[in-house]
Amino acid sequence: MKIFHTADWHLGKLVQGVYMTEDQHYILQQFMLAIDEEKPDVIIIAGDLYDRSMPPIEAVNLLNDIFAEIVLEKKIPVLAVAGNHDSAGRLNFGSSLMSDSGLHIKGQFTKDHAPIVLHDEDGEVHFHLVPYAEPASVRTILEDDSIRSHQDAMEKIIDHIAQCMDTTKRNVFVGHAFVTKYGEEEVNTSDSERPLSIGGSDCINATLFKPFNYTALGHLHKAHFVLNETIRYAGSPLKYSLSEHLHEKGFLIVELDTQGEITVTKRKLIARRDLRVVEGLMDDLLQLPPSDDYVFVRLTDTTSVASPMERIRTVFPHAMHVERKVIRQEIPHEIQAIETEKVEDIDLFRSFFTEIIGIQPDQDTERLFTEMLQELLDEERETVK
């Protein structure tokens, strides 16, 4: 059986004030072309279909169009679960009706678990859909007061599934969670993904998923495997934050053979506009070839730069952010702490500049400071008059 594993579409995403819907439409058209080329037997979307519980109408229409084309026109089943960004209730609405057409969406975790059973030439494959759920919800649904953490919740969920799981068949788990090798604490390296818990651990031990031939995960935006190659994150199809600028985005093609063994290949998706970092002096950046990419700019100028965003957008019209890179160097030992009540303004400025930047200001910088200070003093005198 050939499986497409994708996740974290985050339709309706807003990045630095820019709606990504057109970019998402562009990348999903590539995904549709890949479907025509590879002809998968099933498509998995492991949570966070939307970026928030009440997505904009454009995002809803986009998901509706994609699902209609895949399920109704291409006749390929889609298996999806809700992520922590989704509204579980909204995604769950009408799921029992849509399943007859091949669209299987699990928005809410329920005690009555039954796998989605699909067939290939080698027999049945059982897909176990487990949407994101807070430990408190799982505790209530399973009536188990011992559930206090995400680890507890997933352990009980898998125990619950195992009670009726047919181990003579091939079994695939689909979920949305923060899974680490042995449940150890790790930092989520994507700024665009919110934590699953505040003040407690949200990490889950990957060894829990050993009963399954393949575990298709969503939540972490970088594609990788955990513990072994059968437990995988597909990653998001687009870069959604500065922290993701080095990621290679795409989706996974999973081949499941008659014995339940898997082979996985990654297929890259090329964005309409890359999201990347450019760094350097303003004058140097203005000499670069124009680009429509989404750029985060780090200026290395040590002097003041007037209207930085306006100037940067003459070269990068879709620039998202401009910041000053602080270049810290070893401060010479001869620079001593200054008693602020006994020094001139220029000495205070030199001390502050050196502390922040790591080097002493040059003559042009000192002159600019002196001129600005004089203007402020003149304005203050005029006000007093």
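Residues numbered from 1 in each chain as written. Predicted model: local features only at pLDDT ≥ 70, side-chain atom pairs only at ≥ 80, totals over all residues. Heavy atoms only, no water.

- Labelled according to an unreviewed UniProt entry, the protein chain appears under the name Nuclease SbcCD subunit D, originating from Lysinibacillus agricola.
- Here the protein chain is described in UniProt, under the heading Sequence similarities (unreviewed entry), as follows: "Belongs to the SbcD family." (UniProt positions renumbered as here; feature names shortened; annotations may be inferred.)

Some details on the overall build of the protein chain
Turning to step 1, where the next piece is worked out: Within the protein chain, the secondary structure is distributed over 10 helices and 19 strands.
Turning to step 2, where the next piece is worked out: Classification of the 385 residues of the protein chain by burial places 46% in the buried group.
Turning to step 3, where the next piece is worked out: The contacts in the protein chain between residues at least 6 apart in sequence include a share of 66% that link residues at least 24 apart.
Turning to step 4, where the next piece is worked out: Accessible surface for the protein chain amounts to roughly 19700 Å². Of this, 50% is attributable to carbon and sulfur atoms. (Helix = DSSP H or I, 4+ residues; strand = E, 2+ residues; numbered from the N terminus. Buried < 20%, exposed > 50% of the residue type's maximum accessible area, 1.4 Å probe, protein only. Contact = heavy atoms within 4.5 Å. Areas by Shrake-Rupley, 256 points an atom, 1.4 Å probe, with all protein chains shown as cover.)

So, the nonpolar core
Turning to step 1, where the next piece is worked out: With 38 residues, the main nonpolar core has Ile43 and Ile70 as its most contacted residues.
Turning to step 2, where the next piece is worked out: Those elements giving two or more residues to this core turn out to be α1 (21-38), β4 (42-46), α2 (57-73), β5 (78-81), β6 (103-106), β15 (250-256) and β18 (294-299).
Turning to step 3, where the next piece is worked out: With seven residues, α2 is the single largest residue contributor to this core.
Turning to step 4, where the next piece is worked out: Not counting chain neighbours up to four residues away, the residues in contact with Ile70 comprise Met32, Ile35, Ile43, Lys75, Ile76 and Val78.
Turning to step 5, where the next piece is worked out: Within the second largest apolar cluster, 27 residues are counted, among which are Leu142, Ile157, Ile161 and Leu208. (Core = buried A, V, L, I, M, F, W, Y, C linked by side-chain atoms within 4.5 Å.)

Let's talk about the packing of helix α5 (residues 135-142) against helix α6 (residues 150-162)
Turning to step 1, where the next piece is worked out: One way to put it is that α5 packs onto α6 with a least axis distance of 9 Å and a crossing angle of 35 degrees. Two packed elements cross with a definite hand, and for α5 against α6 that hand is left-handed. Packed against α5, whose contacting residues are Pro135, Val138 and Leu142, the element α6 presents His150, Ala153, Lys156, Ile157 and His160 at the interface.
Turning to step 2, where the next piece is worked out: Here the residues of the contact of α5 with α6 sort into five nonpolar, two polar and one charged. (Axes fitted to C-alpha atoms, helices over the stretch in contact; angles between N-to-C directions. Left-handed = near helix turned anticlockwise from the far one by under 90°. Nonpolar A, V, L, I, M, F, W, Y, C, P; charged D, E, K, R; others polar.)

Some remarks on the pattern of salt bridges
Turning to step 1, where the next piece is worked out: Using the criterion set out here, one finds 21 salt bridges in the structure.
Turning to step 2, where the next piece is worked out: We note a salt bridge from Arg272 to Glu22, for which the minimum N-O separation is 3.3 Å. Of this pair, Arg272 sits in the loop between β16 (262-268) and β17 (275-280) while Glu22 is found in helix α1, placing the two residues 250 residues apart along the sequence.
Turning to step 3, where the next piece is worked out: In this structure Arg272 comes out as partly exposed when scored by relative accessible area, which is 32%.
Turning to step 4, where the next piece is worked out: With a relative accessible area of 55%, Glu22 lands in the exposed category.
Turning to step 5, where the next piece is worked out: Notably, a salt bridge pairs Asp283 with Arg311, separated by 3.7 Å at the nearest N-O pair. Here Arg311 lies in helix α8 (residues 308-312) and Asp283 lies in helix α7 (residues 282-285), a separation of 28 residues in the sequence.
Turning to step 6, where the next piece is worked out: Linked through salt bridges whose partners overlap, the residues forming this network are Lys2, Glu37, Glu38, Glu255 and Arg267. (Salt bridge = Lys/Arg side-chain N within 4 Å of Asp/Glu carboxyl O.)

Some details on the sheet that holds β6
Turning to step 1, where the next piece is worked out: Here six strands make up an open sheet; going across it, the order is β6-β5-β4-β1-β15-β16 and the pairing mixed. Across the chains shown, the open sheet's two edge strands, defined by having one partner strand only, are β6 and β16. Averaged over all adjacent pairs, the angle separating strand axes in this sheet is 20 degrees, with direction ignored.
Turning to step 2, where the next piece is worked out: Two strands pair when backbone bridges link them, and β4 and β5 are joined in this way by four bridges, in the parallel orientation. Considered in β5, the bridge of Ile44 is made with Leu79.
Turning to step 3, where the next piece is worked out: Across the face of the sheet, α1 comes into contact with β1 (2-6), β4, β15 and β16 while running at roughly 170 degrees to β1. (Pairing = 2+ DSSP bridges.)

Some words on unusual backbone geometry
Turning to step 1, where the next piece is worked out: The residue Glu143 is not glycine, and still its phi comes out positive at about 55 degrees.
Turning to step 2, where the next piece is worked out: Structurally, Glu143 can be placed in the loop between α5 and α6.
Turning to step 3, where the next piece is worked out: For Ser307, which is not a glycine, the phi torsion comes out positive at approximately 45 degrees.
Turning to step 4, where the next piece is worked out: On the accessibility criterion, Ser307 (42% relative accessible area) is partly exposed.

A few points about the packing of aromatic side chains
Turning to step 1, where the next piece is worked out: For the coordinates displayed, the defined rule picks out seven aromatic pairs.
Turning to step 2, where the next piece is worked out: Note on Phe4 and Phe31: the rings are 5.8 Å apart at their centroids and 55 degrees apart in plane angle, and the pair reads as tilted. Here Phe4 is found in strand β1, whereas its partner Phe31 is found in helix α1, with 27 residues between them in sequence.
Turning to step 3, where the next piece is worked out: Residue classification places Phe4 among the buried positions, given a relative accessible area of 0%.
Turning to step 4, where the next piece is worked out: The interplanar angle of 65 degrees and the centroid separation of 5.0 Å between the aromatic rings of Phe173 and Phe209 together place this pair among those described as edge-to-face. Here Phe173, found in strand β9 (residues 170-176), pairs with Phe209, found in the loop between β11 (203-205) and β12 (214-218); they are 36 residues apart in sequence, far enough to count as distant. (Phe/Tyr/Trp six-rings, centres within 6.5 Å; stacked < 30°, edge-to-face > 60°.)

Describing α2
Turning to step 1, where the next piece is worked out: An ideal rise of 1.5 Å per residue puts 24 Å on 17 residues; α2 measures up with 23 Å between its terminal C-alpha atoms.
Turning to step 2, where the next piece is worked out: Ala59, Leu62, Leu63, Ile66, Phe67, Ile70 and Val71 are the residues of α2 that are buried. Taken down its axis, α2 places every buried residue within 135 degrees of arc, on the same side. Facing away from the buried surface of α2 by more than 90 degrees, the exposed residues are Ile57 and Glu73.
Turning to step 3, where the next piece is worked out: Next to the buried residues of α2 lie α1, β4, β5 and β6.
Turning to step 4, where the next piece is worked out: Following α2 by one or two positions, Lys75 adopts a phi angle in the positive range, close to 60 degrees. (Expected span 1.5 Å × (residues − 1). Arc of directions from axis to C-beta.)

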